[in-house]
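Observations on chain architecture
Chain by chain, the residues run as shown.
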Amino acid sequence: MSDEDITIESRLAEQDYFEPPESFVDQANAADPAIYDRFDEFPAGFEEYAEMLDWESEWDTVLDDSNPPFYEWFVGGELNASHNCVDRHLAERGDETAILWEGEDGETRDITYDDLHEQVNETAAALRSVGVEEDDIVTIHLPMVPALPITMLACARIGAPHSVVFAGFSANALAERVGSAESDHIVTIDGYYRRGEFLDHIEKADQAMTETDRDPEVLAWTRHDEPEVDVSDDYTMMSALLDDHRGETVEPVSRDAEDPLFLMYTSGTTGQPKGCQHRTGGYLAYVTGTSKYVEDIKPEDTYWCPADIGWITGHSYIVYGPLSLGTTTVMYEGAPDHPTKSRIWEIAESYDVDIFHTSPTAVRQFMKWGEEHVEGHDFDFRHMTTVGEPIQPEAWLWYYKHIGDESAVIVDTWWQTETGGHLITNLPAIQDMKPGSAGHPAPGIQPAIYDDNGEAIPTESDEAGNLVIERPWPGMLQTVYGNDERFISEYWERFSDTDSDDSSDWVYEAGDGAVQAEDGYYRVLGRLDDVMNVAGHRLGTMELESAVAEVEDVAEAAVAAREDAQKGEVPDVYVTVREGVEESEAVRDRIVGAIEQEIGKFARPNEVIFVDDLPKTRSGKIMRRLLENISNGDDLGNTTTLRDPSVPEEIRDQVQAD
Ligand code: 6R9
């Protein structure tokens, strides 16, 4: 270990803070703490975000809260999201790059704002020509190709809300969402590249068409000039449609601020997927403002979030936020390890990326592959983000050191599909970084932590409870599509006085556990079902996993609660080891020892189970609930949302055989 390592590691052990470099602070979009005072003028503070947009007519009321929880933002205002993400940049930045796309096969496209304008207009004309009208919901089932943001923006231009279904979702999931959204149009593509293979994607639409009782029109893009796989004669080829509309322009439709911009179905680990409905004005204002202040995006930056646009992160922080600010956003089609585990860093280097936005799962993956794949690549991030899960301090540190070269700031952003944009996150020039903690509420956001009886836990008490948001914000979902009752029952009922018309009696339940430390930093523990109670001690699976991750041999770990007659619950630890490490008693002892040392003997795992892989959703979240089912000998239940449904079965067989 070098001296340098010792310094950083010991700072981490003390839960130290990491200061943003002065060079970052000097250029940051938000460096003055007075921003928090401005946004504490509630709700007027949020006008600052709305003022970042072009409006056709100004709003007359910032917030109408007379019918909670059906809040209305920027009431009376009219705008168009495609105008804001494209047209308004043309005069100054028309020949600057909007989207830098790299295909997995090495093909690249540099799409300027002028190009984007042309393609969005032609696509909007094409959609109209097949009968898509304002307020029709268009279901988009596209992978990471330029056609995806282009179709989204074309929908926005004609006022047709889109419902993007992540390309990895099955035909079944697609059919279910088409039905739920009562969609008459599906936009898809013949196929795309993944790990060197051309995947037939249109077969999912084919199968979905046999599963839905609706009769939607299918519009098919092609990855190359000509289709690579069979495309049904019943489908409409986008290439032919676009040829009919070359050079056409479509006036952006004036949308009421409250008109829906899109639906995003959440991953649906239980029950029917929920169609989170997002409004045009409040959503676009919120993602534009947070892209500017949290992501620190400037028009001249090259910004890269290698998430998939099929998730909320991609909607808010690949497409709408970055393009609204007129920056360059990078898109990559394929797998991060194809053809080598250096692919991400090669792209970062070749496009000279300034801002990089990824997930803890990806960081752990990079860590597992080893820093040798990063070394020798000449990129220089000024700013990095994590989102989607709590990040263990060890992974944070690795990211900080090996990706950020100890000179980039990191923001750990807590938010959800439902919240539209970041709700708990530091503003990186204002607060110091604290590994493992999302940090402070975003400007204007009022979180709190409630006990199970709905009593507020004192602030800064280090006591875990239910994370709630006590005041509305512009990025929040409007409702669950077609199901206002479910909107209330899922998010509001538990902690609100639902008979009241007074907005202050309504509280949004996030479904996550959190603690606020004495220093005011929030640490989100994960979904509440991931928090266990071991012999009366509240234990975050994250705390255990973080302890296990300290063991050098460990690549990834997930903790599942096993029911225990004595202690209520005890943790089982599922572990994958790093490449080249033998699964052995010695490793097992180190894991148990680390937990005892980091947390205490009461947290001793019931079992340490070595596995080849952990069950993950397609967006990369570890499905602890499945491991809990395995630990408790229960049925696996629904595994259709998994990236690889065979993983939990293999683990179950292994556990049963042991
Ligand atoms: C944006 C996104 C939301 C759930 C959320 C929470 C977890 C997200 C987090 C985080 C700890 C963070 N989550 N960000 N947990 N720290 N910085 O991921 O949306 O897919 O809807 O997931 O993800 O559990 O409730 P979504």
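Figured I'd write up the structure that's included with this text. (Residues numbered from 1 in each chain as written. Predicted model: local features only at pLDDT ≥ 70, side-chain atom pairs only at ≥ 80, totals over all residues. Heavy atoms only, no water.)

Things to note about the sheet that holds strand β4 (residues 97-102)
Read across the sheet, 7 strands follow the order β5-β4-β17-β16-β18-β19-β20 without closing on themselves; strand pairing throughout is mixed. Pairing within the sheet leaves two strands with one partner each, and these edge strands are β5 (108-112) and β20 (409-413). Looking at each pair of strands side by side, their axes are set apart by 20 degrees on average, direction ignored. Bridge count for strand β16 (residues 302-304) against strand β17 (residues 328-332) is 3 bridges, and the pairing is parallel. For Thr302, the partnering residue across the bridge sits in β17 and is Thr328. (Pairing = 2+ DSSP bridges. Helix = DSSP H or I, 4+ residues; strand = E, 2+ residues; numbered from the N terminus. Axes fitted to C-alpha atoms, helices over the stretch in contact; angles between N-to-C directions.)

A few points about the site of the ligand
As a matter of local geometry, the ligand sits amid 16 residues, with Asp412, Thr413, Thr417, Asp512 and Arg527 nearest to it. In this structure, Glu389 approaches the ligand through a main-chain N or O atom, which is 3.3 Å from a nitrogen atom. Contacts to the ligand include Asp512, whose side-chain N or O atom sits 2.5 Å from an oxygen atom. Those elements that place two or more of their residues in the shell around the ligand are α13 (312-324), β20 and β25 (522-527). A breakdown of the residues in the shell around the ligand according to their chemical character gives 6 nonpolar, 5 polar and 5 charged. (Near = heavy atom within 4 Å. Polar contact = N/O pair within 3.5 Å; in protein donor to acceptor, adjacent residues only side chain to side chain. Nonpolar A, V, L, I, M, F, W, Y, C, P; charged D, E, K, R; others polar.)

Remarks on unusual backbone geometry
The omega torsion across Phe42 and Pro43 is -5 degrees, close enough to zero to call that bond cis. Position of Pro43 relative to the elements: it lies in the loop between α3 (34-40) and α4 (47-50). Put simply, His338 and Pro339 share a cis peptide bond, and its omega is 0 degrees. The residue Pro339 is located in the loop between β17 and α14 (343-351) in this model. The backbone of Phe74 shows a phi angle near 55 degrees, a positive value even though the residue is not glycine.

Focus: helix α8 (residues 147-158)
If you check α8, its first and last C-alpha atoms are 16 Å apart, about what 12 residues at 1.5 Å a residue would give, namely 16 Å. Across the 12 residues that make up α8, a large majority, 12, are buried. Considered for burial, the residues of α8 that qualify are Ala147, Leu148, Pro149, Ile150, Thr151, Met152, Leu153, Ala154, Cys155, Ala156, Arg157 and Ile158. Immediately downstream of α8, the backbone of Gly159 shows phi near 75 degrees, a positive value. (Expected span 1.5 Å × (residues − 1). Buried < 20%, exposed > 50% of the residue type's maximum accessible area, 1.4 Å probe, protein only.)

Focus on the nonpolar core
Generally speaking, soluble globular proteins have nonpolar side chains that are buried together. If you look at the biggest cluster of nonpolar residues, it comprises 110 residues, and the most contacted ones within it are Phe74, Leu116 and Tyr320. A total of 9 residues in this core trace back to one element, the largest contributor, which is α8. Non-local contacts of Leu116, meaning those with residues more than four positions away in its chain, are made with Val86, Ala98, Ile99, Ile111, Ile150, Leu153 and Leu323. Counting residues in each nonpolar core, the second largest holds 36 residues, with Ile347, Ala362, Tyr399 and Tyr400 among its members. (Core = buried A, V, L, I, M, F, W, Y, C linked by side-chain atoms within 4.5 Å. Contact = heavy atoms within 4.5 Å.)

A word on the sheet that holds β25
The strand order across the open sheet built from 4 strands is β21-β22-β24-β25, with neighbouring strands paired in antiparallel fashion. Two strands lie at the open edges of the sheet, namely β21 (447-450) and β25, each paired on one side alone. In this sheet, adjacent strand axes meet at a mean angle of 45 degrees when their direction is disregarded. Where strand β22 (residues 465-469) lies against strand β24 (residues 508-516), 4 bridges are found, and the strand directions are antiparallel. Within β24, the position partnered with Asn466 by the bridge is Gly513.

Structural notes on the pattern of salt bridges
The tally for this structure, following the rule as stated, stands at 35 salt bridges. Residue Glu107 is joined to Arg223 by a salt bridge in which the shortest nitrogen-to-oxygen separation is 2.8 Å. With Glu107 in the loop between β4 and β5 and Arg223 in the loop between β11 (217-221) and β12 (236-237), this residue pair connects regions lying 116 residues apart in the sequence. Since its relative accessible area comes to 4%, Arg223 is described here as buried. (Salt bridge = Lys/Arg side-chain N within 4 Å of Asp/Glu carboxyl O.)

Regarding the side chain of Thr112
When you line up the elements, Thr112 lands in strand β5. Within the structure, the side chain of Thr112 is placed 3.0 Å from the backbone nitrogen of Asp115, a separation counted as a polar contact. Thr112 has contacts with Gly94, Asp95, Glu96, Thr97 and Ala98, leaving out every residue within four places of it along the chain.

What to know about a negative patch on the surface
On the surface, Glu582, Glu583, Asp612, Asp613, Asp644, Glu649 and Glu650 cluster together into a negatively charged patch. One can find Asp644 in the loop between α20 (624-631) and α21 (646-657). Taking the relative accessible area as the measure of exposure, Asp644 reaches 35% and is therefore partly exposed. (Patch = residues over 30% accessible without salt bridge, like charges linked within 9 Å, V, L, I, M, F, W, Y side chains within 5 Å. Areas by Shrake-Rupley, 256 points an atom, 1.4 Å probe, with all protein chains shown as cover. Lys, Arg positive; Asp, Glu negative; His and termini not counted. Charge placed at Lys NZ, Arg CZ, Asp CG, Glu CD.)

Re the packing of aromatic side chains
Following the criterion strictly, the structure yields 39 aromatic pairs and no others. Aromatic side chains Trp59 and Phe74 sit 5.3 Å apart centroid to centroid with 65 degrees between the ring planes, which places their arrangement in the edge-to-face category. Of this pair, Trp59 sits in the loop between α4 and β1 (61-64) while Phe74 sits in strand β2 (residues 72-75), placing them 15 residues apart in sequence. Residue Trp59 shares its accessibility class with Phe74, and that shared class is buried. Here the guanidinium or amino end of Arg109 rests over the ring plane of Trp101, the centre of that ring lying 4.7 Å away. (Phe/Tyr/Trp six-rings, centres within 6.5 Å; stacked < 30°, edge-to-face > 60°. Lys NZ or Arg CZ within 6 Å of the ring centre and 35° of its normal.)

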